[in-house]
Amino acid sequence: RKLTTYEEEDIVKWTENYGYSMDVIEIALKKASSNNKVRFDYIDTLLTDWHQKELHSVDEVNTYLNSLKDKEKSFPDCFIVMSLILTFSMINPP
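What you see is a predicted model, and the numbers here were worked out from it, not measured in a lab.

Cut-offs applied
- Starting afresh in each chain, residues are numbered from 1 along the sequence in its written order.
- It should be noted that, the model being predicted, local features are given only for residues of pLDDT at least 70 and side-chain atom pairs only at 80 or more, the latter also being counted only at that level, while totals for whole chains, interfaces and linings use all residues.
- Only heavy atoms go into the side-chain values, all of them from the structure, while hydrogens and water stay out.
- Per the convention used, a helix needs a DSSP run of H or I reaching at least four residues, while a strand needs a run of E reaching at least two, with both numbered from the N terminus.
- Each residue is placed in one exposure class: buried if its accessible area under a 1.4 Å probe, protein chains only, is under 20% of its type's maximum, exposed if it is over 50%, and partly exposed if it falls in between.
- Note on contacts: a residue pair qualifies if any of its non-hydrogen atoms lie within 4.5 Å across the two residues.
- Charge counting treats Lys and Arg as positive and Asp and Glu as negative, with His and both chain ends excluded.
- Salt bridge criterion: a side-chain nitrogen from Lys or Arg within 4 Å of a carboxyl oxygen from Asp or Glu.
- To estimate how far a helix should extend, the number of its residues minus one is multiplied by 1.5 Å.
- In this description, one arc is meant: the one made by directions from the helix axis to the C-beta atoms.
- Buried Ala, Val, Leu, Ile, Met, Phe, Trp, Tyr and Cys residues that are joined via side-chain atoms within 4.5 Å together make up what is termed a nonpolar core.
- By the criterion applied in these results, polar contacts are pairs of N or O atoms within 3.5 Å in which, for protein atoms, one can donate a hydrogen and the other can accept it, and in which residues neighboring in sequence qualify only through two side-chain atoms.
- Working convention: axes come from line fits to C-alpha atoms, limited for helices to the stretch in contact. Angles between N-to-C directions cover 0 to 180 degrees.
- By the definition adopted for this analysis, an angle is roughly parallel if under 35 degrees, roughly antiparallel if over 145, roughly perpendicular if from 65 to 115, and oblique otherwise.
- Throughout, a crossing is termed right-handed when the near helix is turned clockwise from the far one, and left-handed when it is turned anticlockwise from it by less than a right angle.
- Note on residue categories: nonpolar means Ala, Val, Leu, Ile, Met, Phe, Trp, Tyr, Cys or Pro, charged means Asp, Glu, Lys or Arg, and polar means any other residue, Gly included.

### Digging into the environment of isoleucine 27
Summarising the element assignment, isoleucine 27 is placed in helix H2 (residues 22–34). Assessed through its relative accessible area of 15%, isoleucine 27 is described here as buried. Along the sequence, isoleucine 27 and leucine 47 sit 20 residues apart, while their C-alpha atoms lie 9.5 Å from each other. Residues in contact with isoleucine 27, not counting those within four places in the same chain, are Trp50, Val58, Val61, Asn62 and Leu65.

### Side note on the side chain of aspartate 10
Mapped onto the secondary structure, aspartate 10 falls in helix H1 (residues 5–17). For the buried residue aspartate 10, which engages in no salt bridge, the nearest side chain bearing the opposite charge is lysine 13, 4.0 Å off. The contacts of aspartate 10, once residues within four sequence positions are left out, are Phe40 and Asp44.

### A closer look at H2
For the α-helix, the turn length of 3.6 residues means that residues three or four positions removed from each other point alike. Compared with the 18 Å implied by 1.5 Å per residue over 13 residues, the 18 Å span of H2 between its first and last C-alpha is a close match. Looking at H2, one finds that the buried residues are Val24, Ile25, Ile27, Ala28 and Ala32. Seen end-on, H2 carries its buried residues on one side only, within an arc spanning 150°. Structural note: H2 exposes Met22, Lys30 and Ser34 on the side pointing more than 90 degrees away from its buried face. Positive backbone phi, approximately 55°, marks asparagine 36, located one or two places after H2.

### Things to note about the nonpolar core
With 17 residues, the main nonpolar core has Tyr20, Leu47, Trp50 and Val61 as its most contacted residues. For this core, the secondary-structure elements that each account for two or more residues are H2, helix H3 (40–52) and helix H4 (58–91). Here tyrosine 20 is in contact with Trp14, Thr15, Ile25, Leu47, Trp50, His51, Leu55 and His56, once residues within four sequence places are set aside.

### What about the environment of glutamate 60?
Structurally, glutamate 60 can be placed in helix H4. For glutamate 60, a relative accessible area of 34% corresponds to the partly exposed category. Sequence-wise, glutamate 60 and valine 24 are 36 residues apart; in three dimensions their C-alpha atoms are separated by 9.7 Å. Within the local environment of glutamate 60, its side chain forms a polar contact with the backbone nitrogen of histidine 56, the two atoms lying 2.6 Å apart.

### Looking at H1
If you check H1, its first and last C-alpha atoms are 17 Å apart, about what 13 residues at 1.5 Å a residue would give, namely 18 Å. Close packing links the buried residues of H1 with H2 and H3. The first or second residue beyond H1 is glycine 19, which carries a positive phi of 75°.

### Examining the packing of H1 against H3
In the contact formed by H1 and H3, the axes pass within 11 Å of each other and the chain directions differ by 20°. The orientation of H1 relative to H3 falls into the category roughly parallel. Two packed elements cross with a definite hand, and for H1 against H3 that hand is left-handed. Contacts from Glu7, Asp10, Ile11, Lys13, Trp14 and Asn17 of H1 reach H3 at Phe40, Ile43, Asp44, Leu47, Thr48 and His51. For the contact of H1 with H3, a count of residues per class yields 5 nonpolar, 3 polar and 4 charged.

Right under this line is the structure:
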């Protein structure tokens, strides 16, 4: 299908205003497709977020995304600790 005027404007914003290369835009597209959200508004949200975080290069974006993965990996550990604390406090109230 042909791009809509709004989609064309988004691409101009990403490339000219944000200064993103097609490689960075491709990362956003891959991230959107991995989340089953291949919509221009979602891709725009990703790229706008990265722009606001001053992520400009492929390396900066990948480092940021990897840091999110690391946080997600440690997140279940937080639940385990909180669960243990709550269980302990229920068994041994103050």
